[in-house]
Amino acid sequence: MSTHPFRLFIMAALAVAPVPAWAESSDDVSILMPETVISASRWEESMTDTTDRTTVITEEEIAALPANNAADIINHAVGVNVDALPSPVNMGFPAVNGASERETLVMVNGIPISDLSNHTGIAGQIPADAISRIEVLYGPSGSEWGSMLGGAINIITHDPNRPRANRVSAAAGNYGYKSGAASLQYGGETLSLSVTGAMLRGDGPGPDDHTAYKDDAVVASAGVKLGESTNLLVQGHSFQGHVGTGDYRRDLAGLWYKYQFMTNGVGASLTSALPVGEARVTLYRQNMTQQSIGYQVTEEVDNSRLEDNLTGYSAIWHATLGATTVTLGGDGQNADLHSTALENDSYKHDPYGAFLTLQHDLTDEWRVQAGTRYSDEDVFGTATTYNVGLLRRFGERSAARLSVSTGYNTPPLGYRYYTGGGYFQLNPDLAAEKVTMYETGVHAWASDTLVVDASLYHAIVKDAINFVLLDAENYLYTYRNFEEFTRQGAQLAVKWMVADSLTLDANAMWQTVKDETSGEVVKGQIRAAYNAGISYDDGRFMGALTALWRDWNADPSYEAKDKELYADAKIGYTHALGEGQSVRIVGSVYNLTDVQLWTDAWLPVNDPRTYQVKAEYLF
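Everything numeric in this text was worked out from a predicted model, so none of it was measured.

**Brief notes about the overall build of the chain**
Turning to step 1, where the next piece is worked out: Scanning the chain from terminus to terminus reveals three helices and 32 strands.
Turning to step 2, where the next piece is worked out: Excluding contacts between residues fewer than 6 apart, the proportion of contacts in the chain whose partners are at least 24 apart in sequence is 63%.

**Re the packing of aromatic side chains**
Turning to step 1, where the next piece is worked out: Taken as a whole and assessed by the stated rule, the structure comprises seven aromatic pairs.
Turning to step 2, where the next piece is worked out: With centroids separated by 3.8 Å and ring planes inclined at 15°, the aromatic side chains of Y415 and Y479 adopt a geometry described as stacked. In this pair, Y415 is assigned in helix 3 (residues 413-417) and Y479 in strand 26 (residues 476-497), connecting sequence segments 64 residues apart.
Turning to step 3, where the next piece is worked out: Note on W510 and Y530: the rings are 6.0 Å apart at their centroids and 75° apart in plane angle, and the pair reads as edge-to-face. Residue W510 is located in strand 27 (residues 502-515), and its partner Y530 is located in strand 28 (residues 525-537); the two are separated by 20 residues in the primary sequence.
Turning to step 4, where the next piece is worked out: Overall, W510 belongs to the partly exposed group, its relative accessible area being 34%.
Turning to step 5, where the next piece is worked out: By way of ring pairs, the aromatic residues Y415, F467 and Y479 are connected into one cluster.
Turning to step 6, where the next piece is worked out: When the ring centre of W445 is taken as reference, the NZ or CZ atom of R397 above it lies at 3.6 Å.

**Let's talk about the pairing of strand 17 (residues 299-321)**
Turning to step 1, where the next piece is worked out: Across 19 bridges, strand 16 (residues 278-296) lies against strand 17 in antiparallel orientation. The partner of N287 across the bridge, within strand 17, is N309.
Turning to step 2, where the next piece is worked out: Taken together, the 16 bridges between strand 17 and strand 18 (residues 324-339) define a ladder with antiparallel strand orientation. Each residue of the ladder has a partner; that of L310, found in strand 18, is A335.
Turning to step 3, where the next piece is worked out: The antiparallel pairing of strand 17 with strand 18 creates a hairpin that spans two residues between the two strands, and G322 there sits at a positive phi of about 65°.

**A few points about the sheet that holds strand 7 (residues 111-112)**
Turning to step 1, where the next piece is worked out: In spatial order, the strands read 3-8-9-6-7; together these five strands make up an open sheet with mixed pairing. One side of each edge strand has no neighbouring strand; the edge strands of this open sheet are strand 3 (54-57) and strand 7.
Turning to step 2, where the next piece is worked out: Here strand 8 (residues 131-138) pairs with strand 9 (residues 151-157) via seven bridges, running antiparallel. Among the inter-strand pairings, Y138 is bridged to a residue of strand 9, identified as G151.

**Quick notes on unusual backbone geometry**
Excluding glycine, residues mostly have negative phi values, and the peptide bonds linking residues are mostly trans.
Turning to step 1, where the next piece is worked out: Its identity as a non-glycine residue notwithstanding, N97 has a phi of 60°, on the positive side.
Turning to step 2, where the next piece is worked out: In this fold, N97 is placed in the loop between strand 5 (93-96) and strand 6 (104-108).
Turning to step 3, where the next piece is worked out: In this structure N97 comes out as buried when scored by relative accessible area, which is 3%.
Turning to step 4, where the next piece is worked out: Look at D463: it is not a glycine, yet its phi comes out positive at around 55°.
Turning to step 5, where the next piece is worked out: Tracing the sequence through the fold places D463 in strand 25 (residues 450-471).
Turning to step 6, where the next piece is worked out: Classification of D463 as partly exposed rests on a relative accessible area of 28%.

**A closer look at the confidence of the model for the chain**
Turning to step 1, where the next piece is worked out: When pLDDT is averaged along the chain, the result is 83, and 85% of the positions lie at 70 or above.
Turning to step 2, where the next piece is worked out: The model gives residues 1-33 a pLDDT under 50, and that stretch makes 153 contacts with residues more than four places away or in other chains.
Turning to step 3, where the next piece is worked out: Contacts for the low-pLDDT stretch residues 248-252, under 50 throughout, to residues beyond four places or in other chains number 19 contacts.

**Digging into the nonpolar core**
Turning to step 1, where the next piece is worked out: Among the nonpolar cores identified, the biggest contains 30 residues, and I73, I74, I134 and I155 are the most heavily contacted of them.
Turning to step 2, where the next piece is worked out: Of all the secondary structure elements, the ones that give two or more residues to this core are helix 2 (70-74), strand 4 (80-83), strand 6, strand 8, strand 9 and strand 13 (213-225).
Turning to step 3, where the next piece is worked out: In this structure I73 touches I57, I62, L65, A67, A128, I131 and I134, once residues within four positions along its chain are discounted.
Turning to step 4, where the next piece is worked out: Membership of the second largest hydrophobic core comes to 16 residues, among which are L149, V435, F482 and F485.

**Digging into the pattern of salt bridges**
Turning to step 1, where the next piece is worked out: Considering all chains together, one arrives at 23 salt bridges under this definition.
Turning to step 2, where the next piece is worked out: Residues E44 and R280 are paired through a salt bridge, measuring 3.1 Å at the closest nitrogen-oxygen approach. Of this pair, E44 sits in strand 2 (residues 44-46) while R280 sits in strand 16, placing them 236 residues apart in sequence.
Turning to step 3, where the next piece is worked out: Between R53 and D453 there is a salt bridge whose closest N-O contact spans 3.1 Å. Note that R53 is positioned in the loop between strand 2 and strand 3 and D453 in strand 25, a separation of 400 residues in sequence. For the pair R53 and D453, a shared accessibility class is recorded, and that class is buried.
Turning to step 4, where the next piece is worked out: One continuous salt-bridge network, built from bridges that share partners, spans E45, D49, D361, R367 and R393.

About the criteria used
Residues numbered from 1 in each chain as written. Predicted model: local features only at pLDDT ≥ 70, side-chain atom pairs only at ≥ 80, totals over all residues. Heavy atoms only, no water. Helix = DSSP H or I, 4+ residues; strand = E, 2+ residues; numbered from the N terminus. Contact = heavy atoms within 4.5 Å. Phe/Tyr/Trp six-rings, centres within 6.5 Å; stacked < 30°, edge-to-face > 60°. Buried < 20%, exposed > 50% of the residue type's maximum accessible area, 1.4 Å probe, protein only. Lys NZ or Arg CZ within 6 Å of the ring centre and 35° of its normal. Pairing = 2+ DSSP bridges. pLDDT = per-residue confidence, 0-100. Core = buried A, V, L, I, M, F, W, Y, C linked by side-chain atoms within 4.5 Å. Salt bridge = Lys/Arg side-chain N within 4 Å of Asp/Glu carboxyl O.

Printed below as a string of structure tokens:
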């Protein structure tokens, strides 16, 4: 649920880092086989080898969903909520474990894409055609990735070494929707390439809403084999987007905004075997710019610009020594933030840290894990965090876990140094949040076709940051630290392969966030969410139906509705042409219930029913 009434877009950046799919293509993994994941140890391992809870959305599952981008996909994962519900004109800010979006680390291939001003990562900029899989890490996990509190989302783009998967597509729909995409692969003995490009255009949901939009994205990667045990991965991206028209908008008494953004990045990672273990070095560079122009009727009343320049680096050593696995590394960033909305226009943030994780097999069934990280967060001081866990395996595919983990979350620079004015007042005294989280759960195969994942968690957050009302009469708000919040909840996910071509899945989360000082339940947090889906695909005919029901614990001062039901459908037919070629026609309907999104009295947001027809050529 958004705490900024006028925010539709926050700058995001696609960075470059090691891609686990390089080692194992998701095309070789059944949706009901153990997945390789990026855990808090920051190296590839099986889901049943880590005490850190992780969910993986595979490429097969992504193909079955009615989804245009990563935000659409993530919205179906257990314990993940996207602010607000994704659509072509909403870029989507994901949050894990019921935390806020600024407490969730969003990454692409292991590198953060959250901006410096708000700490939010835009998942909707990344087209579904470019994604190999998405991994969700729940809880702070000893903050092995740095500043994070609720969890992390890692969006993994296509591996250049994957089997040939060339495709081109074009789509059209109501409200002026049209899109096109192409994904091309090349594989050789020493060089492999993957390039995906996508464009999106639309006129907005109605003649008086004036939310015309356009998006363009290119994601490319190249794998170079430098020797028998040395590989180089180079990746790059370019995102450009625009939302808004020059016409009068009837909502908000004629106040409306036009948004423009651009994100460009490039980087490389080198992985090599050593006499003992393996090492990986990663470097990346990215630039993010965002501009918002506000109009009152036809007069320009606001013009703000934000720019992030980020250089990042990491070095990791990983080795298995008998029954013990060791991961040791360090990372850092050099970042410059320039924004007309900040008090002094320009700020630097140069965090760095070192981490160590140990995993030891006591027996074939029992594993213990312990890790620690030291972080220097520059203007926010230092932090030492840890995680300890115990894992009990049941066969090759099932495990129960128990863990205790600490973490921290630094305030976004915009929250501390925003110039204030209007409805929002700055607070330069915000301190970093600190969390201790207890989690227990199980990932179990009840049968060869039924998988159950369940979790219980309890988190204690010190110096919790929350959006509060200062003056109800004048609608004045600010962020401030609270002495202690507790967040506790339960999550359940079930996947059942009814037949070779038919799959049912469902997940749910329940949560309470409480201010321990006042004893009151915290408003503005997710209270419950339920997802359900059914999909069928026999290689020729396919269909899917998904539904989402959410209950926000809305702040009454927003005069907002707090319950929503959202459903999407997809149906398709594939005609084989021979020699690995085929043509596919897919029809999708979004928002079958024609629901109004979460909305407050200031900014009613409608998401009407939309239709799309897509034609694909696979070769």
